[in-house]
Amino acid sequence: MNPSSFRLQRLRLVAACAALLVGTSAHAQVLEVATSFSILGDLVTQVGGERVKVRTLVGPDEDAHAFQPRPSDAREIGKAALVVVNGLGFDDWMARLARAGGFKGTMVVASEGISTLAMARDDDHGHDHGHARGKAGDAGKAVDPHAWQDVTNVRRYVANITAALAKADPEGAGIYQANAERYDGELKALDAGIRAAFAALPSERRKVVSSHDAFGYFGRAYDIRFLSPVGVANNAEPTAQGVARLIRQLKAEKVPAVFIENVADPRLIERIRSESGAQIGGTLYSDALSKANGAAPTYVQMMRTNLSTLTTALTASAR
């Protein structure tokens, strides 16, 4: 090999090593984000892509209402540049963990700016979401935190997340905006598809029972009536009188189907099914995604799976 060729190969090797080092350095500077539960983790990932490293505390198929944090969770949050929470009383424990972990970054409330539902509470009834609008702090009203069940609300979540990521990482602002625009188009199509599917169902078929009050926003957005034996917290204990009254209501109104949730104990729903005569319509994803190999590993797939499960059961029961 002549000296000229040797020098050229050496320069190429040096350039390749430099490029590798630059890539490694850029990768090391990803933005660390902590999220409270799996749905938020997916939304941040959709917008942030490879520029973010997401740590989610309440994982797939896990119930955020029953979450018991560990000291290591607080330490992990303390390392993050951003903490993303749902708000509306759903994950208040996240702020306490952040303080305990010495968190110095920015706390982002993904639900900021949405129109909330005030949740009526009646211990003697199955908890039936009304369609009244409310705000946190309304006298005598609890605010329903499950706002992600309306795709329009999630578009607001994504806008809030995008703005926070761009502020924390200005160099990535263009990437975040492009990812958000792509994802928003996907969400718009998803929302339109859900509306069209339920519009084809007769109104008397749009009545279902779920394990707990997680689908009020879904009901308001897509004109489906959801009944539940327990309130907002999945670990709440229903009263015997409430369950008995709900069963009588199901029989009287001929509610066609009851649904298990992926984060709930199915025994209560099975009891309601056996005593009311309604059919088990399948599993709905309420407060958590599925694992990667499940039916709902992303938010969009979760909503499509819920749509398919609901429409299949309600259409079949009409025959």
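Everything in this summary refers to the structure shown in the same document.

Analysis parameters
- Residues numbered from 1 in each chain as written.
- Predicted model: local features only at pLDDT ≥ 70, side-chain atom pairs only at ≥ 80, totals over all residues.
- Heavy atoms only, no water.
- Helix = DSSP H or I, 4+ residues; strand = E, 2+ residues; numbered from the N terminus.
- Buried < 20%, exposed > 50% of the residue type's maximum accessible area, 1.4 Å probe, protein only.
- Areas by Shrake-Rupley, 256 points an atom, 1.4 Å probe, with all protein chains shown as cover.
- Pairing = 2+ DSSP bridges.
- Right-handed = clockwise from strand over helix to strand, strands pointing away.
- Axes fitted to C-alpha atoms, helices over the stretch in contact; angles between N-to-C directions.
- Parallel < 35°, antiparallel > 145°, perpendicular 65-115°, else oblique.
- Contact = heavy atoms within 4.5 Å.
- Left-handed = near helix turned anticlockwise from the far one by under 90°.
- Nonpolar A, V, L, I, M, F, W, Y, C, P; charged D, E, K, R; others polar.
- Arc of directions from axis to C-beta.
- Phe/Tyr/Trp six-rings, centres within 6.5 Å; stacked < 30°, edge-to-face > 60°.
- Core = buried A, V, L, I, M, F, W, Y, C linked by side-chain atoms within 4.5 Å.

1. Observations regarding the overall build of the protein
And step 1. Along its length, the protein carries 10 helices and 11 strands.
And step 2. Burial analysis of the protein (319 residues in total) assigns 46% to the buried set.
And step 3. With an accessible surface of roughly 15300 Å², the protein has 53% of that area assigned to carbon and sulfur atoms.

2. What to know about the pairing of strand β2 (residues 52-58)
And step 1. In this structure, strand β1 (residues 31-37) lies alongside β2, joined through six bridges in parallel fashion. Bridging from a neighbouring strand, E32 pairs with K53 of β2.
And step 2. In the classification by handedness, the crossover that spans β1, the intervening helix α2 (residues 38-48) and the parallel β2 is right-handed.

3. Remarks on the packing of α2 against helix α6 (residues 173-199)
And step 1. It is the contact of α2 with α6, at a shortest axis distance of 7 Å, that shows an interaxial angle of 120°. Viewed along their axes, α2 and α6 adopt a mutual orientation that is oblique. On α6, the residues touching D42, L43, Q46, V47 and G48 of α2 are Y176, N179, A180, R182 and Y183.

4. Quick notes on the packing of α2 against helix α5 (residues 151-168)
And step 1. Relative orientation of the contacting elements α2 and α5 amounts to 55°, with a least axis distance of 10 Å. Comparing the axis directions of α2 and α5 gives the class oblique. Judged by the twist between their axes, the crossing of α2 over α5 is right-handed. Counted together, L40, L43, V44, V47 and G48 of α2 and V154, Y157, V158, I161, T162 and L165 of α5 form the full contact between these two elements.
And step 2. For the contact of α2 with α5, a count of residues per class yields nine nonpolar, two polar and no charged.

5. Considering the sheet that holds β2
And step 1. What the four strands build is an open sheet, ordered β2-β1-β3-β4; its pairing is parallel. Whereas interior strands pair on both sides, the edge strands pair on one side only; in this sheet they are β2 and β4 (106-109). The mean angle between the axes of side-by-side strands here comes to 20°, regardless of whether they run parallel or antiparallel.
And step 2. Of the pairings in the sheet, the one linking strand β3 (residues 82-85) to β4 comprises four bridges and is parallel in character. The partner of L82 across the bridge, within β4, is T106.

6. Some details on helix α4 (residues 93-100)
And step 1. Buried within α4 are the following residues: W93, M94, L97 and A98. End-on view of α4: buried residues confined to an arc of 140°, all on one side of the axis. Exposed residues lying more than 90 degrees from the buried face of α4 are R96, R99 and A100.
And step 2. Looking at the buried side of α4, the elements it contacts are β1, β2, α3 (71-78), β3 and β4.

7. Considering the side chain of N306
And step 1. For N306, the location among the structural elements is in helix α10 (residues 299-317).
And step 2. When neighbours within four sequence positions are excluded, N306 is seen to be in contact with Q149, F215, T283, L284 and Y285.

8. Side note on the environment of A178
And step 1. Structurally, A178 is set in helix α6.
And step 2. Residue A178 is classed as partly exposed on the basis of its relative accessible area, which comes to 43%.
And step 3. Separated by 131 residues in the primary sequence, A178 and V47 place their C-alpha atoms 8.3 Å from one another.

9. A word on the packing of aromatic side chains
And step 1. Inspection of the entire model under this criterion finds nine aromatic pairs.
And step 2. Aromatic side chains F198 and F218 sit 5.7 Å apart centroid to centroid with 80° between the ring planes, which places their arrangement in the edge-to-face category. Remark: F218 occurs in helix α7 (residues 216-222) and F198 occurs in helix α6; sequence separation between them is 20 residues.
And step 3. A residue is classified by how much of its surface remains accessible, and F218, at 0% relative accessible area, is buried.
And step 4. Where F215 meets F226, the ring centres are 5.0 Å apart and the plane angle is 15°; that geometry is what we call stacked. Of this pair, F215 sits in the loop between β8 (207-209) and α7 while F226 sits in strand β9 (residues 225-227), placing them 11 residues apart in sequence.

10. A look at the nonpolar core
And step 1. Of all hydrophobic cores here, the largest spans 72 residues; its most connected members are F218 and Y299.
And step 2. No other element matches α10, which puts eight residues into this core.
And step 3. Setting aside its immediate chain neighbours within four residues, F218 contacts Q149, I194, F198, D223, I224, F226, M303 and L310.
And step 4. One finds L227, V255, V258 and A278 within the second-largest nonpolar core, a separate group that totals nine residues.

11. Thoughts on the sheet that holds β8
And step 1. Spatial ordering of the open sheet is given by β9-β8-β10-β11, a layout of four strands whose pairing is parallel. Two strands close off the open sheet at either side, each with one partner strand: β9 and β11 (279-284). Strand-to-strand twist across the sheet, computed as the mean angle between neighbouring axes with direction ignored, equals 35°.

Function cannot be read off these values alone, since they describe shape.
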